[in-house]
Every structure is written in C-alpha cells, then in structure tokens.
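Structural description and commentary
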Amino acid sequence: MQQFAIRHHSFGDPSEVLKLETIDQPEPKAGEVRVRLEAAAVNPSDYGMIGGSYGRLRELPAVAGREGVGTVDALGAGVDSVSVGTRVRFPGEDGAWQVSACVDASELLIVPPEVPVEQAAISFINPPTAYCLLKKMVDLQPGDWILQNAGNSAVGLSVIQMAKAFGLKTISQVRREELIAPLEAMGADHVVMEGTGWAKGVSEITRGAPIRLALNSIGGESATDQIKALSDGGTQVTFGGMVGDKVRFPTRFLIFNDVRMVGFWWDRYARRLGHDGVREVMQAVFAMMADGTLSLPIESQYPFSEYGLAIKHANQPRLGKVLLVP
Ligand SMILES: NC(=O)c1ccc[n+]([C@@H]2O[C@H](COP(=O)([O-])OP(=O)(O)OC[C@H]3O[C@@H](n4cnc5c(N)ncnc54)[C@H](OP(=O)(O)O)[C@@H]3O)[C@@H](O)[C@H]2O)c1
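Residues numbered from 1 in each chain as written. Predicted model: local features only at pLDDT ≥ 70, side-chain atom pairs only at ≥ 80, totals over all residues. Heavy atoms only, no water.

Quick look at the site of the ligand
Around the ligand lies a shell of 24 residues, among which Asn-152, Arg-176, Trp-266, Arg-318 and Lys-321 are the nearest. Ala-154 places a main-chain nitrogen or oxygen 2.9 Å from an oxygen atom of the ligand. Contacts to the ligand include Trp-266, whose backbone N or O atom sits 2.6 Å from an oxygen atom. Considering the ligand on its own, with 930 Å² of exposed area, one finds that the protein chains cover 87% of that surface. (Near = heavy atom within 4 Å. Polar contact = N/O pair within 3.5 Å; in protein donor to acceptor, adjacent residues only side chain to side chain. Areas by Shrake-Rupley, 256 points an atom, 1.4 Å probe, with all protein chains shown as cover.)

Following this line, the structure appears as structure tokens:
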C-alpha cells in the first residue's frame, strides 16, 4: 500500500523544497502500532526544520511537520495496551505531514476523548511550552504580573488563558490593533501595541506591582521593551526569534536592575522530563482543553494537496493555527 507524505530532499525554503510524494505505508513491527493522521499543525519551527536552521534536524529525505493527532489503525504483534481507534499523538519524530506512521506502543501519548480533535492537533508543542514557561521558570504567585510578546501566537494565547486560570495577570504585546479586542475577550488583562513606548508607563498598568517574568519569542525592539519593563531581579525567557535578529540586552539593565536572561526549548526540556514528566504536563494541558479553560482558534484547514497554500496562509498575519488534513 502507498500513502501520501509531504517531504523534502534538501534543506531550504519550504515553497521550493517541499513535494507531495507517495511512499510505502509502514507496517507495525512487534510492539508497535500504526497511527493514522487526523490533523497536523503548521508551526514556525517547521520552517526551521525544513530550512535546516532548527536545533535538531531529520535525515534526508524527510517528512515535514512536527505536530499532529491521529488514531491507532493497526497493532503489531504483542500489543495489548491500546486498541484500534484510540486517539493519540501522531508520532512527531518521523514527521507529521504523512498519512500514517508507526510508533512503539510504550511511547504513545493517549489523548482523552473529551479533548476536541482540532485542539488535540495543536496541543503538543505550544500549550506545554506555555505551561512550563508559567510554571517552571520563576516561582510566580497568584496576582503576579507577567509580560509577553506575540500575544496572538498559539503560545501567547495559551499563556493568556492559562495565566487567567492560575490567577496571574498578563500584559501582551501585539503589532496589530485589531487583535486587542479578541485577546481581551480570551482573558488578556492588558494588551499593548509594539513600538508605542508603553514600557515607560508600565507601572500605571500594574499599579506599581512588579513584573518578574517576560516571555520573548520575537526579539528586536519588543524584547528590549520587555527588559525596560521588567522589575529589579526579573527574568526574561527567550524561546523564539521571529524577527530573526540577535537578542540585544542593554548593559545597564543587566548591572543596575539585575535582570536575568535565559532560554527555553521544549524539545530539550521534554527530553529532561522523560515520558512520565511529559505525560504529566500533557495531562494538565488536556484537562484545560477538555473543560474549555484552554481553547485555541483554528484559522483554516487545508488538504495535503494544498500544502503550498497552507504554508502561505500560515505566513500571513492571522489569529489561529493553520491545519493540514490528509
Ligand atoms: N522554544 C520552544 O520550545 C518553543 C516552543 C513553541 C513555540 N516556540 C516559538 O514561539 C514562537 C511562537 O510560536 P507559535 O506557534 O505560537 O506562533 P504562531 O501561532 O504561528 O504565531 C506567530 C506569531 O509571531 C508573530 N510574528 C511573526 N513575525 C513577526 C515579526 N517579524 N515581528 C513581530 N511579530 C512577528 C505573529 O504576529 P502577527 O500575527 O502580527 O504576524 C504571531 O504573533 C515561534 O517563534 C516559535 O518558534 C518556541
């Protein structure tokens, strides 16, 4: 049997190197299951992996995509821990933009049936990142303020909704005015426009309360504004660099304000946590998705045959994820 897969044979611009190809459908070996994709996400890190600049690359030729959800559709010999039809994470290591893939049954991440399928498809990278950024980097207490840029990104919207649930207050930077109302409707406490000098008046926003954590996935001026807005001893966590520029750190804030700068990478963090640790984080994410505490918008869905349009769409200003469906 043959199946479709979106693959690349060299690293480069996704619009040039990706191809929709037919490959052999894998058969599960003893101890494995085959998972059939329901929906996969298009994420910024996919471009890094296809382009060759990401922290971890696949051997070529490679199936693209890192995140998706599917159902078990075949069991290898000796597998009795799951049944056909169980919804699980689509195995990300082999590439998520293919119709089916095999995985060791012991490594399956089972998705509770209460989690809507579109939410499940985008649950495995950005929500756990947001969760760990809020829970594991700085010891925050209810009522504390935090700051983030890319407030309308999937991480940003997860931060807004989770922070609300944890009793934290958020200031979210965005670069388009039309985002302010929808973000506030999703629970944002305060939304500021990038490049408006908002950092100078930040104590009016927080009424003098300190800001101990800033989350930076953009870089450039918006990251510098965060450092200016952070309180003495505050921490800026950089986990993305959408402007593609070096992160600059004004020296005086390092010395006189004792501001700290650290990085975060979910892939590395998840490896450190191990399967049980990741499952624990994902149980928290799934619980919030199941009861509606966390609900991320979907901008659009495209069939595999229109992957080019999907990538183009994902690169445009939007509020929500673009999904690929086989
Ligand atoms: N380190 C980790 O473990 C980790 C994990 C997850 C995500 N990330 C990173 O977190 C970031 C967000 O990921 P996501 O999937 O949540 O994003 P997303 O939903 O695809 O949204 C992309 C965001 O980036 C903004 N953006 C793009 N180019 C920009 C620019 N030049 N200047 C300012 N803003 C820009 C977009 O704003 P507009 O809508 O205005 O274009 C939007 O807010 C990415 O950098 C991703 O790689 C890192």
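Focus on the sheet that holds strand 11 (residues 211–216)
Spatially, the 6 strands line up as an open sheet ordered 10-9-8-11-12-13, and their pairing is parallel. Strands with a single pairing partner mark the edges of an open sheet, and in this sheet they are strand 10 (190–193) and strand 13 (260–263). Within the sheet, the average angular offset between the axes of one strand and its neighbour, ignoring direction, is 20 degrees. Two strands pair when backbone bridges link them, and strand 8 (residues 145–148) and strand 9 (residues 169–174) are joined in this way by 4 bridges, in the parallel orientation. In the strand pairing of strand 9, Leu-147 is matched with Ile-171. (Pairing = 2+ DSSP bridges. Helix = DSSP H or I, 4+ residues; strand = E, 2+ residues; numbered from the N terminus. Axes fitted to C-alpha atoms, helices over the stretch in contact; angles between N-to-C directions.)

Overview of helix 2 (residues 44–51)
With 6 of its 8 residues buried, helix 2 lies for the most part within the structure. Turning to helix 2, its buried residues are Ser-45, Asp-46, Tyr-47, Gly-48, Met-49 and Ile-50. For helix 2, the secondary structure elements touched by its buried residues are strand 1 (2–8), helix 1 (14–17), strand 2 (18–24), strand 3 (32–42) and helix 11 (307–314). (Buried < 20%, exposed > 50% of the residue type's maximum accessible area, 1.4 Å probe, protein only. Contact = heavy atoms within 4.5 Å.)

Some thoughts on the layout of surface pockets
Estimates place the volume of the largest pocket at around 1300 Å³. At the level of secondary structure, the elements contributing two or more residues to the lining of the largest pocket comprise helix 2, helix 4 (126–135), helix 5 (154–166), strand 9, helix 8 (220–229) and helix 10 (266–290). Its residues assigned to classes, the lining of the largest pocket shows 22 nonpolar, 18 polar and 8 charged. Taken together, domain 1 (2–122 + 297–325) and domain 2 (126–266) each give at least three residues to the lining of the largest pocket, which thus spans both. Here the second largest pocket is characterised by a volume of approximately 730 Å³. Lining the second largest pocket are 24 residues, and of these Arg-89, Gly-92, Glu-93, His-275 and Val-278 sit closest to its centre. Here the lining of the second largest pocket takes 9 residues from helix 10, the largest share from any one element. Here the residues of the lining of the second largest pocket sort into 11 nonpolar, 3 polar and 10 charged. (1 Å grid on protein atoms, 1.4 Å probe; cavity = no way out; pocket = protein on both sides within 12 Å on 5 of 7 lines; lining within 4 Å. Points joined across faces, edges and corners; volume = space filled by probe spheres on them. Nonpolar A, V, L, I, M, F, W, Y, C, P; charged D, E, K, R; others polar. Domains from an automatic or database assignment.)

Details of the environment of Ser-222
Along the polypeptide, Ser-222 turns up in helix 8. Taking the relative accessible area as the measure of exposure, Ser-222 reaches 4% and is therefore buried. Sequence spacing of Ser-222 and Gln-173 is 49 residues, and the spatial spacing of their C-alpha atoms is 7.7 Å. Not counting residues up to four positions away in its chain, the partners in contact with Ser-222 are Asn-149, Gln-173 and Glu-194.

Some points on the nonpolar core
Residues Met-162, Leu-183 and Trp-266 are the most contacted members of the largest nonpolar core, which totals 49 residues. Mapped by element, the contributors of at least two residues to this core are strand 3, helix 3 (117–121), helix 4, helix 5, strand 10, strand 11, helix 10 and strand 15 (321–325). Tallying contributions element by element places helix 10 first for this core, with 10 residues. No fewer than three residues from each of domain 1 (2–122 + 297–325) and domain 2 (126–266) sit in this core. Of all hydrophobic cores here, the second largest spans 31 residues; its members include Leu-37, Val-82, Phe-90 and Leu-108. (Core = buried A, V, L, I, M, F, W, Y, C linked by side-chain atoms within 4.5 Å.)

Quick look at helix 8
The buried fraction of helix 8 is high, at 8 of 10 residues. Of the residues making up helix 8, those classed as buried are Gly-220, Ser-222, Ala-223, Thr-224, Asp-225, Gln-226, Ile-227 and Ala-229. Looking at the buried residues of helix 8, the elements they touch are strand 8, strand 9, helix 7 (202–206), strand 11, strand 12 (235–238) and helix 9 (251–256).

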